[in-house]
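# Descriptive structure summary
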Number of protein chains: 2
Amino acid sequence: MSDEEKEVASGAWRSLGEFIRGQRELANLSMRQLAEIAKISNPYLSQVERGLYKPSADVLKSIANALHISAESMYAQAGLLDDSETRDESHHGVEHAVKLDPRLSVDQKEAIIRIYRSFIGRE
Amino acid sequence: MSDEEKEVASGAWRSLGEFIRGQRELANLSMRQLAEIAKISNPYLSQVERGLYKPSADVLKSIANALHISAESMYAQAGLLDDSETRDESHHGVEHAVKLDPRLSVDQKEAIIRIYRSFIGRE
DNA sequence: TCTGTGCGCTAAGTATACCAAGCATCTGCT
DNA sequence: AGCAGATGCTTGGTATACTTAGCGCACAGA
């Protein structure tokens, strides 16, 4: 496999690797140093930085922590957050908030949503 | 391997599976339906919901989109955002969302909040 | 010179995320 | 009764994320 083909295969992930490498160099860390802090192997870090592999979410988080970067911007760079959940209306919706509340059981969620819908005259 | 050992092995991920199953049932979707929308196989979704596997970040994102919830809250549930950027509850809080809803009267808001509080055991 | 220690990278293996095919069960229909 | 279609789950395999061992090169001292 040629280098060009590798580049194509890695696709959108190449920029993530470049991003990590840039941040690592900015922090003046060698691969082995960063790898140790992030608890991954240094060859794997090498492969990630060159775009050969898509690191899993927890590895991403671990690298982000090691570089003192927010995991969120890491995911954004990785193209894992983009989808237009455009934090205006959707975050304030009652149904959305109810569904996300971990203290409520499924039955309770359904009950509240049913009442809510009856109030606003939908359904 | 016993069920208990599986549970231990899956660790913190069990709650993520339960969360996904809850959201799926709330949306009245079968496993096959959700799997098709999220472009994953239905056996795999079954395994994820039972906590046997840790889905990768892009699968998580895909599931989140299919369920119309933000990828961010998905990652939070997965314990992948937890460290410093502890998501602020104000965006998702049920009471906050209820109070902001212009379609509800004051009485209706009070009713819903009363029910909500009784469910979560806060007075 | 030679020796040691750092670097990034390769090779080869293991672990696990993920898929296609199919099974067992239930429910409804005739 | 029997079939049809849905549900969630199991099995067995492939793809890929990730590791351990080690190579080759650079730059230090002795």
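Coordinates for the structure precede this section.
Summary of the structure given here. (Residues numbered from 1 in each chain as written. Chains lettered and ligands numbered in written order. Predicted model: local features only at pLDDT ≥ 70, side-chain atom pairs only at ≥ 80, totals over all residues. Heavy atoms only, no water.)

Residue and element names in this part refer to chain A. One pass over the full model with this rule turns up nine salt bridges over all chains. Notably, a salt bridge pairs Arg24 with Glu49, separated by 2.7 Å at the nearest N-O pair. Here the residue Arg24 occupies a position in helix H2 (residues 14-26), and Glu49 occupies one in helix H4 (residues 42-49), the gap between them amounting to 25 residues. Like Arg24, the residue Glu49 is buried in the burial classification. (Salt bridge = Lys/Arg side-chain N within 4 Å of Asp/Glu carboxyl O. Helix = DSSP H or I, 4+ residues; strand = E, 2+ residues; numbered from the N terminus. Buried < 20%, exposed > 50% of the residue type's maximum accessible area, 1.4 Å probe, protein only.)

Looking at DNA strand C, there are 19 residues lining it, with Ser30(A), Arg32(A), Arg50(A), Tyr44(B) and Ser56(B) nearest. Backbone atoms, meaning sugar plus phosphate, form 65% of the atoms of DNA strand C positioned within 4 Å of the protein. (Near = heavy atom within 4 Å.)

One non-glycine residue with positive phi stands out, namely His68(A), at about 60°. Residue placement: His68(A) occurs in the loop between helix H5 (57-66) and helix H6 (71-77). Unlike most non-glycine residues, Asn28(B) shows phi in positive territory, near 55°. Note that Asn28(B) resides in the loop between helix H2 (14-26) and helix H3 (31-38). Residue classification places Asn28(B) among the exposed positions, given a relative accessible area of 69%.

A word on the interface of chain A and chain B. Taken together, the 40 residues of chain A in the interface contact 43 residues of chain B. Where chain A abuts chain B, roughly 3,800 Å² becomes buried across the two surfaces, and 63% of that area is made up of carbon and sulfur atoms. The tally of links between chain A and chain B comes to two salt bridges. Among the ionic pairs, Asp58(A) bridges to Lys54(B), the shortest N-O distance being 3.3 Å. Where chain A packs against chain B, one counts nine residue pairs in polar contact (both at pLDDT 80 or more). With 11 residues, the top contributor of residues to the side of chain A that touches chain B is helix H8 (residues 106-120) of chain A. (Contact = heavy atoms within 4.5 Å. Buried area = accessible area lost by both parts, 1.4 Å probe. Polar contact = N/O pair within 3.5 Å; in protein donor to acceptor, adjacent residues only side chain to side chain.)

Looking now at the protein's contact with DNA strand D. Residues in close proximity to DNA strand D total 20 residues, the closest being Tyr44(A), Ser56(A), Ser30(B), Arg32(B) and Arg50(B). Within 4 Å of the protein, the atoms of DNA strand D are drawn from sugar and phosphate moieties in a proportion of 58%. Note that a phosphate oxygen of DNA strand D is positioned 2.5 Å from one of the side-chain N or O atoms of Ser56(A). Contact between DNA strand D and Ser46(B): a phosphate oxygen at 2.9 Å from a side-chain N or O atom of the residue. The element best represented in the surface near DNA strand D is helix H4 (residues 42-49) of chain B, accounting for four residues. Split by residue class, the surface near DNA strand D holds eight nonpolar, six polar and six charged. (Nonpolar A, V, L, I, M, F, W, Y, C, P; charged D, E, K, R; others polar.)

Let's shift gears to the nonpolar core. Counting 48 residues, the largest nonpolar core has Ile63(A), Tyr75(A), Ile20(B), Ile63(B), Met74(B) and Tyr75(B) as its most contacted members. Setting aside its immediate chain neighbours within four residues, Ile63(A) contacts Ile20(A), Ala38(A), Ile40(A), Leu45(A) and Met74(A). Tyr116(A), Leu104(B), Tyr116(B) and Ile120(B) belong to the second-largest nonpolar core, a separate cluster that totals 17 residues. (Core = buried A, V, L, I, M, F, W, Y, C linked by side-chain atoms within 4.5 Å.)

Overall, the coordinates contain three aromatic pairs over all chains when judged by the stated rule. Summarising the aromatic geometry, the rings of Tyr44(A) and Tyr53(A) are spaced 6.2 Å apart at their centres and angled 35° between planes, so their arrangement reads as tilted. Given the relative accessible area of 45%, Tyr53(A) is considered partly exposed. Between Tyr75(A) and Tyr75(B), the aromatic rings sit 5.0 Å apart at their centres with planes inclined by 40°, giving tilted as the arrangement. Highlighted residues: Tyr75(A) in helix H6 and Tyr75(B) in helix H6 (residues 71-77), drawn from two different chains. (Phe/Tyr/Trp six-rings, centres within 6.5 Å; stacked < 30°, edge-to-face > 60°.)

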